[in-house]
Amino acid sequence: MGSSRKARLYGGMDAEERRAERRLKLIDAAVEVYGEVGYRGATVKAICEAAELTERYFYESFANSEALLIAAYSHVVGHLHEEMAAAAASAGNDPEARLHAALTLYFTRLKQHPKPARVFLLEISGISPAVDAVKLDALCTFSNILVPPASDPKRGDKASAAALLSIGMVGAVISIALRWVSKAYPQPLEEVVAAAASFCRVALAEADRHRS
C-alpha cells in the first residue's frame, strides 16, 4: 500500500491534487486574459499559455470556454462574497453598520482589481442561459449579504415583497458599480458607497419591518 501511494505522488501531490492545481492555474490565467482582451477575445490557447499548460490539460478540467468562464466567475465572486460577509460580520449586529462595511469592501475590491471587475460586471451578461443562471445565483447571495432575509416562512407575501425590494436594491448597486468601473472610478469611494447605501436602506427598512 505504501509503495503504491508513493508511485502516485509527484512533488508531494497525488494525481487528484495535481489536477486541482492545474484547474486553479487555468482559472487564474483566465481572469488575467479576460482582463486584457475580454472574454470574447480570449482563446483557449492564450489561456493555456498564460497558465503554462497545454491544451490537453484545459480539456481535462473544462468542457469548453464557457465552462471556464463560469468557473472563473464563481471563483472570483465567491471570494468577494466571502470577504463581504466577513466584513459585515466584523461590523457587529447593527444592520446599518454591516451594510456599510459590506458595501465598502465591495467597491474597494472593484477599484483594486479593475480588470476582473470590468469583465465580470460588463461582459458577463447575455453570453448564455447557463452563465445567466450562475449570475442570478450570485446576485441572490449578494442580496442576502447586504440585507439578510427573514427566516420565518409564515411571512408569506410580506417576505416575498421584501425579497423583491432586495433584488431591486442589488440592481441599483450593480448599476452604480457598472458606471463607476466603466468611467474609471471618477467619484471617491466614500461617495459611491453612500449612494449605494441610500438604495439599500429602503430594502433594509422593509426587512426590519417584516421581522418585527
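Each remark here, short or long, concerns the structure printed above.
No experiment lies behind these values; they were computed from the predicted model shown. In this numbering scheme, every chain counts its residues from 1 along its sequence in written order. Given that this is a predicted model, residues contribute local features only at a pLDDT of at least 70 and side-chain atom pairs are listed and counted only at 80 or more, while totals for whole chains, interfaces and linings are drawn from all residues. With hydrogens and water excluded, all non-hydrogen atoms of the structure serve as input to the side-chain values.

Bringing the pattern of salt bridges into the picture now. We define a salt bridge as a side-chain nitrogen of Lys or Arg found within 4 Å of a carboxyl oxygen belonging to Asp or Glu. Summed over all chains, the structure comprises four salt bridges. A salt bridge links arginine 22 to glutamate 60; its shortest N-O distance comes to 2.8 Å. Residue arginine 22 is found in helix α2 (residues 15-37), and its partner glutamate 60 is found in helix α4 (residues 55-61); the two are separated by 38 residues along the sequence. When a residue's accessible area, from a 1.4 Å probe over protein chains only, is under 20% of the maximum for its type it is buried; when over 50% it is exposed; and in between it is partly exposed. For arginine 22, a relative accessible area of 13% puts it in the buried group. Among the salt bridges present, the one from glutamate 36 reaches lysine 115, with a minimum N-O distance of 2.2 Å. You can see glutamate 36 sitting in helix α2 and its partner lysine 115 sitting in helix α7 (residues 114-123), a full 79 residues away along the chain. Secondary structure elements are taken from DSSP: a helix is a run of H or I of four residues or more, a strand is a run of E of two residues or more, and numbering for both begins at the N terminus.

As a further point, take the side chain of arginine 22. Nitrogen and oxygen atoms within 3.5 Å of one another constitute a polar contact, given that in protein one can donate a hydrogen and the other can accept it, and given that sequence-neighbouring residues count only through two side-chain atoms. In this structure the side chain of arginine 22 is engaged in a polar contact, spanning 2.8 Å, whose partner is the side chain of glutamate 60. What makes two residues a contact is simply this: any of their non-hydrogen atoms within 4.5 Å. Look past the residues within four positions of arginine 22 in its chain and what remains in contact with it is Leu53, Tyr57 and Glu60.

For Phe, Tyr and Trp, rings pair up if their centres lie within 6.5 Å, where Trp contributes its six-membered ring, and each pair is then called stacked (planes under 30 degrees apart), edge-to-face (over 60) or tilted (otherwise). Counted by the stated rule, this structure contains eight aromatic pairs. With a centroid separation of 5.7 Å and an interplanar angle of 45 degrees, the aromatic rings of phenylalanine 58 and phenylalanine 62 are classed as tilted. The residues phenylalanine 58 and phenylalanine 62 share a single accessibility class, namely buried. When the centroid spacing of 4.8 Å and the interplanar angle of 85 degrees are considered together, the rings of tryptophan 180 and tyrosine 185 count as edge-to-face. Residue tyrosine 185 is classed as buried on the basis of its relative accessible area, which comes to 15%. Two thresholds decide whether a charge sits over a ring: the Lys NZ or Arg CZ must be within 6 Å of the ring centre and within 35 degrees of the ring normal. Positioned above the aromatic ring of tyrosine 57, the side-chain terminus of arginine 56 is 4.3 Å from the ring centre.

It is worth spelling out the nonpolar core at this point. Joining through side-chain atoms within 4.5 Å is the link that ties buried Ala, Val, Leu, Ile, Met, Phe, Trp, Tyr and Cys residues into a set, and such a set is a nonpolar core. One finds Met84, Leu103, Tyr106, Phe107, Leu110, Leu146 and Val173 to be the most contacted residues of the largest nonpolar core, which totals 35 residues. If you list the elements that add at least two residues to this core, you get α5 (65-90), α6 (95-112), α7, α8 (129-146), α9 (157-182) and α10 (189-211). Apart from the residues lying within four places of it in its own chain, the contact partners of phenylalanine 107 are Val173, Ile176, Ala177, Trp180, Leu189, Val192, Val193 and Ala196. By size, the runner-up hydrophobic cluster in this structure holds 27 residues, among which are Leu69, Phe120, Ile124 and Val131.

Turning our eyes to something else, we now look at the environment of serine 125. Within the element layout of this structure, serine 125 appears in the loop between α7 and α8. For the pair serine 125 and lysine 135, spaced ten residues apart in sequence, the C-alpha to C-alpha distance is 8.0 Å. Beyond its immediate sequence surroundings of up to four residues, serine 125 is in contact with Arg40, Asp132 and Lys135. One polar contact links serine 125 to lysine 135, side chain to side chain, over a distance of 2.4 Å.

A pair of packed helices is captured by two measures, namely the crossing angle of their axes and the spacing between those axes. One can describe the packing of α5 onto α6 by two numbers: an axis separation of 7 Å at closest approach and a directional angle of 145 degrees. For the element pair α5 and α6, the recorded crossing hand is right-handed. For the pair α5 and α6, the contacting residues are Leu80, Glu83, Met84, Ala87, Ala88 and Ala89 in the first and Arg98, Ala101, Ala102, Leu105, Tyr106 and Arg109 in the second. Across the contact of α5 with α6, the residue classes tally to nine nonpolar, no polar and three charged. Simply put, an axis is a line fit to the C-alpha atoms, just over the touching stretch for a helix, and the angle between two N-to-C directions goes from 0 to 180 degrees. For a crossing to be left-handed, the near helix must be turned anticlockwise from the far one by less than a right angle; the clockwise case is right-handed. Each residue is assigned to one of three groups, with Ala, Val, Leu, Ile, Met, Phe, Trp, Tyr, Cys and Pro labelled nonpolar, Asp, Glu, Lys and Arg labelled charged, and all others, Gly among them, labelled polar.

It is worth spelling out α5 at this point. One less than the residue count of a helix, multiplied by 1.5 Å, gives the span that helix is expected to have. Given a rise of 1.5 Å per residue, 26 residues ought to cover 38 Å, and the 38 Å separating the end C-alpha atoms of α5 matches this to within 8%. Each element contacted by the buried residues of α5 is listed here: α2, α3 (44-51), α4, α6, α7 and α8. Between a side-chain oxygen at the N-terminus of α5 and the backbone nitrogen of glutamate 66 the separation is 3.2 Å; the capping residue is asparagine 64.

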